[in-house]
2 protein chains.
Amino acid sequence: MKAHIRVLLVFLLAAAVGLGPGTEAFAQTDPLASWNDGPAKQAIVEFVRATTDRSSPQFVPPAERIATFDQDGTLWVEHPMYTQVLYCLDRVPAVVKQRPELAKVEPFKTVLSGNREAMAKLSMDDLFKILAVTLTGMSVDEFKAEARSWLDTARDPRWKRPYTELTYLPMIELLKYLRANGYMTYIVTGGGQDFVRVYSEAVYGIPPEQVVGTAGGTRYGYDKSGRPFLTKEPKLLLNDNNAGKPEGIHLMIGRRPYAAFGNSTGDRQMLEYTKAGDGARLAMLVLHDDATREYAYGPALGLPGTKVGTFTQALYDEAMKQRWTVISMKNDWRRVFAFE
Amino acid sequence: MKAHIRVLLVFLLAAAVGLGPGTEAFAQTDPLASWNDGPAKQAIVEFVRATTDRSSPQFVPPAERIATFDQDGTLWVEHPMYTQVLYCLDRVPAVVKQRPELAKVEPFKTVLSGNREAMAKLSMDDLFKILAVTLTGMSVDEFKAEARSWLDTARDPRWKRPYTELTYLPMIELLKYLRANGYMTYIVTGGGQDFVRVYSEAVYGIPPEQVVGTAGGTRYGYDKSGRPFLTKEPKLLLNDNNAGKPEGIHLMIGRRPYAAFGNSTGDRQMLEYTKAGDGARLAMLVLHDDATREYAYGPALGLPGTKVGTFTQALYDEAMKQRWTVISMKNDWRRVFAFE
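Residues numbered from 1 in each chain as written. Chains lettered and ligands numbered in written order. Predicted model: local features only at pLDDT ≥ 70, side-chain atom pairs only at ≥ 80, totals over all residues. Heavy atoms only, no water.

1. Looking at the sheet that holds strand 7 (residues 325-328) of chain B
Within a sheet, neighbouring strands are paired by backbone hydrogen bonds and run either parallel or antiparallel to one another. Under the convention used in this document: Only strands joined by at least two bridges in the DSSP assignment are considered to pair. Numbering goes from the N terminus for both helices and strands, where a helix is a DSSP run of H or I of at least four residues and a strand is a run of E of at least two. Here, axes are lines fitted to C-alpha atoms. For helices the fit covers the stretch in contact, and angles between N-to-C directions go from 0 to 180 degrees. Any two residues whose heavy atoms approach within 4.5 Å at even a single point are treated as in contact.
Strand order in the open sheet formed by seven strands is 4-3-2-1-5-6-7 (chain B), with mixed pairing between adjacent strands. In the strand order of this sheet, the two ends are held by strand 4 (228-238) and strand 7 of chain B, each with one partner. Sheet twist, expressed as the average angle between the axes of neighbouring strands with direction ignored, equals 35 degrees. Looking at chain direction, strand 3 (residues 211-222) of chain B and strand 4 of chain B are connected through seven bridges and run antiparallel. Bridge pairing links alanine 215 of chain B to leucine 238 of chain B in strand 4 of chain B. Sheet strands touched by helix 11 (residues 268-275) of chain A: strand 3 and strand 4 of chain B. Its angle to strand 3 of chain B, the strand with the most contacts, is close to 95 degrees. The strands that helix 11 (residues 268-275) of chain B touches are strand 1 (66-69), strand 2 (184-192), strand 5 (259-262) and strand 6 (282-287) of chain B; relative to strand 5 of chain B, the one it contacts most, it runs at about 160 degrees.

Right under this line is the structure:
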């Protein structure tokens, strides 16, 4: 029997036992079960239909299906402080042990004091100094091991859980739903690329090569036995915030996304860039308006924003004007966390 | 009938009609048909077996299967001059038309003279000046359109064919063979990332997001109608040569490759870095020793090298010492080009 006849036969047999589309073999529960019915869920489902249905005028070939997600405040909790900043603050004592001269210098003195109120007042410049000494100077492998160990042991004070469990269930469902429809799901974060890559695969199902983040340079060298290794350098290559997001997308992906998801002014340019492409494009912003189940913050709600990225009134106005979809955490999400 | 019983039934039926492994339905011609039997082909086949056979102690999970390929001289012809440099030289008249002041300044004066002998003597500094003005200052989309149009019309003087046809058939087979075995195949080139991305998918089956190359910054801005776009800036972010190759791999991929392929000193660190990982690792160097079918050059053959990357005697010695495999174009390749 010729091979192609055999293949045909198997298809016919499969059809005979009911394995065609539309039968219960393909029946499944709602892939977006944690989303309430409403405009946000509808926008997602309609976008996926328009771009994956071969008969749609807005059909997108699988190779071009790119979706980009901000992380902090979009995929997991960012309030009251970014997880990576907490990591860096926790790393300060170990760094000072190696470099005792830092103990008497600000901002390290304040961090070592443990005074949370004083720490909350640190400037962005102070934070950058802390990030520089806690995220660079070690080998790439040492950094990975340290970050992994911290993530395994650190607990969020409100939920008493590892930070990696504070991801939003509706967004995890959305990532899976898009991937099931042929989309490559990228993280495009203002956070450190190397930090997020440590857990992105386990937590989001996103491999390291699909994480774009703020990135420093590395330096290639050899250890005493001649084995090559990379050292993390305090040299900024990509500040993956604001205009840095589309710039980073071009650098790392080289294609314009069809869908982009964010929650703050730091995501504005990524959403604009996404929407400026031809055909169906989806741009969505998570609004933190659920003080009970998570947090409510941001000037769009008449409340103070977070330290860096903020959902401002101007961003809200642009979203309305550009027909971006605002996701109300309170109204659009049936559940917020998987552990609840 | 329960869905999983149905699925089982289909597998059983498939087996019944002979669609199991080892039958003629899976019989196929040699995926590396353009390779002669010998140590190079053997090293490839053995590496793939060792890393993809589940019972092998050196088995590598599919998500970690990364192979990186230099381009110029490894995947396509680089002699006597890199294709991208030819593109830049051809672009000079159009740039001078826009910026007439350059006509009286070196190295542009020499390029405009059309004197090939004088052009061959241009220094690396001169080349960088030419690259800077011909590869930056336009939008990303304009650049893509220009490069595509040049690639469609330019012809190599020896073979009278588009440059994109001057790829090595054995290496194209190798890319496909690795992908068929679950490997992601990345280009890691000293050439311009944006340039290679224009044709990588059509020519190598490698999508833009799997091209790592020398990369400049872009600048996000808006046109008169408020539409956002990216402009190519003369700011070097990644010099993807020598130590820049493992650094670029860390930046863009975030995993160490299991296999790496190059042909010059510019690939040395990438091969070292690849081989320094645990388990089975494959490092190979293409030696251009076929003056009849392609070219013979490089100090390893006692001949002058190319302008930039060169197969030096020191590289040859390191390859022998580190047990990298040298691919002799003359002896290991049954065919060189698909068009022959």
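2. A word on unusual backbone geometry
All names here are of chain A. Between histidine 79 and proline 80 the backbone carries a cis peptide bond, its omega angle lying at 0 degrees. You can see proline 80 is positioned in the loop between strand 1 (66-69) and helix 3 (83-98). Even without being glycine, lysine 160 reaches a positive phi, approximately 55 degrees. Secondary-structure assignment places lysine 160 in the loop between helix 7 (140-153) and helix 8 (169-180).

3. Description of the confidence of the model for chain A
Residue and element names in this part refer to chain A. Filter applied, for reference: The quantity known as pLDDT measures the predictor's confidence residue by residue, on a range of 0 to 100.
The share of residues in chain A with pLDDT of 70 or more is 91%, and the mean pLDDT across the chain is 91. When the criterion is pLDDT under 50, residues 5-26 qualifies, and its contacts beyond four places in sequence or with other chains add up to 34 contacts. Our summary of model confidence lists the complex with pTM equal to 0.90 and ipTM equal to 0.90.

4. What about the packing of aromatic side chains?
Residues and elements named next belong to chain A. To be explicit about the condition: When two rings of Phe, Tyr or Trp (its six-membered ring) have centres within 6.5 Å they constitute a pair, described as stacked for plane angles under 30 degrees, edge-to-face for angles over 60, and tilted for the intermediate range. Burial classes: relative accessible area under 20% of the type maximum marks a residue as buried, over 50% as exposed, and values in between as partly exposed (1.4 Å probe, protein chains only).
Counted under the stated rule, the structure contains 34 aromatic pairs over all chains. Between phenylalanine 337 and phenylalanine 339 the ring centres are 5.0 Å apart and the planes differ by 10 degrees, which places this aromatic pair in the stacked class. Residue phenylalanine 337 is classed as buried on the basis of its relative accessible area of 0%. Overall, phenylalanine 339 belongs to the partly exposed group, its relative accessible area being 24%. Within the aromatic cluster, the residues linked to one another by ring pairs are Trp76, Tyr87, Phe143, Trp150, Tyr163, Phe195, Tyr199 and Tyr204.

5. As for the pairing of strand 3 (residues 211-222) of chain A
Residue and element names in this part refer to chain A. With nine of 12 residues buried, strand 3 is to be regarded as a mostly interior element. Relative to strand 3, strand 2 (residues 184-192) runs parallel, the two sharing four bridges. From the neighbouring strand, isoleucine 187 faces strand 3, where its bridge partner is valine 211.

6. As for the sheet that holds strand 7 (residues 325-328) of chain A
Spatially, 4-3-2-1-5-6-7 (chain A) is the arrangement adopted by the seven strands of the open sheet, whose pairing is mixed. Because the sheet does not close on itself, it has two edges, and the strands there are strand 4 (228-238) and strand 7 of chain A. Neighbour-to-neighbour, the strand axes of this sheet turn through a mean angle of 35 degrees, independent of strand direction. The sheet strands contacting helix 9 (residues 193-204) of chain A are strand 2, strand 3 and strand 4 of chain A, and the helix crosses strand 2 of chain A at an angle near 140 degrees. Helix 10 (residues 244-252) of chain B rests against strand 3 and strand 4 of chain A of the sheet, and its axis sits at about 155 degrees to strand 3 of chain A.

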